[in-house]
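A look at the structure
The lines below spell out each chain.
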Amino acid sequence: MPLNLVAFALLNVLSLIFVVNGDDPYRFFTWNVTYGDIYPLGVRQQGILINGQFPGPDIHSVTNDNLIINVFNSLPEPFLLSWNGIQQRRNSWEDGVYGTNCPIPPGKNFTYILQVKDQIGSFFYFPPLAFQKAAGGFGGIRILSRPLIPVPFPDPAGDFTVLIGDWYKANHTTLKSILDRGKRLRFPDGILINGRGPNGAYFTVEQGKTYRFRISNVGLQNSLNFRIQGHTLKLVEVEGTHTLQTSYSSLDVHVGQSYSVLVTADQPGQDYYIVVSSRFTTPILTTTGVLHYSNSAGPVSGPPPGGPTIQIDWSLNQARSIRTNLTASGPRPNPQGSYHYGLINTTRTIKLANSAGLINGKQRYAVNSVSFVPGDTPLKLADFFKIGGVFRLGSISDNPTGGGQYVDTSVMAADFRAFIEIVFENHEGIIQSWHFDGYSFFVVGMDGGLWTPASRDQYNLRDGIARCTIQVYPNSWTAIYVPLDNVGMWNLRSEFWARQYLGQQFYMRVYSPVESIRDEYPIPRNALLCGQAAGRHTRPL
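Before going into details, it helps to say that this report is about the structure given with it. (Residues numbered from 1 in each chain as written. Predicted model: local features only at pLDDT ≥ 70, side-chain atom pairs only at ≥ 80, totals over all residues. Heavy atoms only, no water.)

What follows covers the state of the cysteines. Working definition: the covalent bond between the sulfur atoms of two cysteines is a disulfide. Counted according to the given criterion, the structure contains one disulfide. What pairs with C102 in a disulfide is C530, and their sulfur atoms sit 2.1 Å apart. Because the torsion about its S-S bond is -90 degrees, the bridge between C102 and C530 counts as left-handed. On the criterion of sequence distance, the pair formed by C102 in the loop between β5 (82–84) and β6 (109–115) and C530 in the segment after β34 (505–511) is long-range, its members being 428 residues apart. (Disulfide = S-S within 2.5 Å. Helix = DSSP H or I, 4+ residues; strand = E, 2+ residues; numbered from the N terminus.)

Take a look at the structure:
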């Protein structure tokens, strides 16, 4: 990119910074998004590259850092980036999904201004538009604790990002065309580790030292199991929460989820398989990477270690064992000024049920019978400019209707500072995964069968894990508590990307009647305006 363009862009960015905290450090990124040839499964594909990289570059940051990310869209189509797990306090303007942001037009740029306020942990970014996630454009995000804040484990000798996910050999445009015709996608072709196929990902360690692996499932639909031959995984962090340090032989990572584990290189010096396999599928997809000891006496040998069987109970029991480390320092959700979430009364219960079916002869997916369709204007902009007819509050019910599926631009109204219970009901024979932008919630319970009010008797009201993405097992339920402490228009979606694309999502409008920057930042001066918001002004003239 020409130096004068970069300098101009930097000056433009500096003129936009007015709401982030000037006392905290700034980290500047300039990214150029292009198409390029990639060969992750041995055949040429059109991939989305960021600064020529697939996957994209990692974002390294520290709690409260201000991230200034200038994205140049050199694709021949619109583009957005979203930040999976970055809460963006008071700032849904930067969420990067179509419900809140206009896409970056081809040949144009947009500068995201984010602050990782009161967060630590492991996350990732990805492109949410037009099924572009199936082409790449994703990368890891790590937020380290401030230097004076103790971390509940010694500094590791190294810190690795591990992006795992199922993958198709077909270009994303072909996959999108299949969905647009109302058809289902076939089973994926393989699994990637950091954008590479079998034995392509390589991690070098020194014998006797301990390393941190930040594992994110950036795939499209399949839960995956992660394991390392001959080594144990000590779980230490889940999506920004320090966990009880439980050791596992393998770990289920569901779509959209992120975990940090410590691995000690305590085996004889040689190479060992890193194995990732699909869960609850027939057939089972498997790929391998290599854990290479610097004093290795030889390459990997023998068959890769097998994973857990297809039974659900093993995974369910593992999920229940993941709990918050209450003695760890660092930021934690603090609903209504109390870290004791189990002592706060919930004021509303929302039950959400997924469903699949045909609408006008085409495959669609729904939440509480509503299959989401985008409006002609991002919902956040329509709300800000008071543009009628784009969406209506209450267009999705708090409970499953039991009726047939229909399409609507579904938005649920919610009150700022409410403390609510959400129950995800899965009446299908496949596992589900759900993500709530802008929030970290408490996982209080999960079990098979139907949820009833009596199910609350088994809730964990003391040290349930706080996270942003949660799985729901087949014909089962999962319950979460959510402190609605972040004003804005926030996406709640299936992480099964074909289902999300075909309607299994909605938006929650968390509203405060007090228009104060204490509760929500003003619209950015550089906000892109499109649809019925085009030509309007973000500031008075």
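Here the narrative resumes.
For the rest of this paragraph, the subject is the sheet that holds strand β8 (residues 139–144). The sheet built from four strands is open, its strands ordered β3-β8-β7-β5 with mixed pairing. Looking along the sheet, the strands with just one partner apiece sit at the ends: β3 (59–62) and β5. Averaged over all adjacent pairs, the angle separating strand axes in this sheet is 25 degrees, with direction ignored. Where β5 meets strand β7 (residues 121–126), three bridges bridge the pair, whose relative direction is antiparallel. If you follow S82 over to β7, its bridge partner there is F126. (Pairing = 2+ DSSP bridges. Axes fitted to C-alpha atoms, helices over the stretch in contact; angles between N-to-C directions.)

For the rest of this paragraph, the subject is the sheet that holds strand β26 (residues 410–415). Strand order in the open sheet made by the six strands is β24-β26-β34-β33-β28-β31, with mixed pairing throughout. This sheet does not close on itself; its edge strands, each paired only once, are β24 (392–393) and β31 (469–472). Judged from the four bridges that link them, strand β28 (residues 432–436) and β31 form a sheet pairing that is antiparallel. Across the sheet, the residue bridging to Q432 is V472, located in β31.

What follows deals with the pairing of strand β20 (residues 286–293). Counting buried positions along β20 gives seven out of eight residues, so the element sits mostly inside the fold. With four bridges joining them, strand β11 (residues 202–205) and β20 adopt parallel strand pairing. Each residue of the ladder has a partner; that of Y202, found in β20, is V290. Note: strand β19 (residues 271–278) against β20, seven bridges, orientation antiparallel. Within β20, the residue paired with I274 across the bridge is G289. (Buried < 20%, exposed > 50% of the residue type's maximum accessible area, 1.4 Å probe, protein only.)

This part covers the packing of aromatic side chains. Centre distance and the angle of the planes are the two values used to describe a pair of aromatic rings. Taken as a whole and judged by the stated rule, the model has 27 aromatic pairs. Relative to Y125, the ring of W83 has its centre 6.0 Å away and its plane inclined at 55 degrees; by these criteria the two rings are tilted. Here W83, found in strand β5, pairs with Y125, found in strand β7; they are 42 residues apart in sequence, far enough to count as distant. The residues W83 and Y125 share a single accessibility class, namely buried. Three or more aromatic residues link up through ring pairs in this structure, and these residues are F29, W31, W83, F110, Y112 and Y125. (Phe/Tyr/Trp six-rings, centres within 6.5 Å; stacked < 30°, edge-to-face > 60°.)

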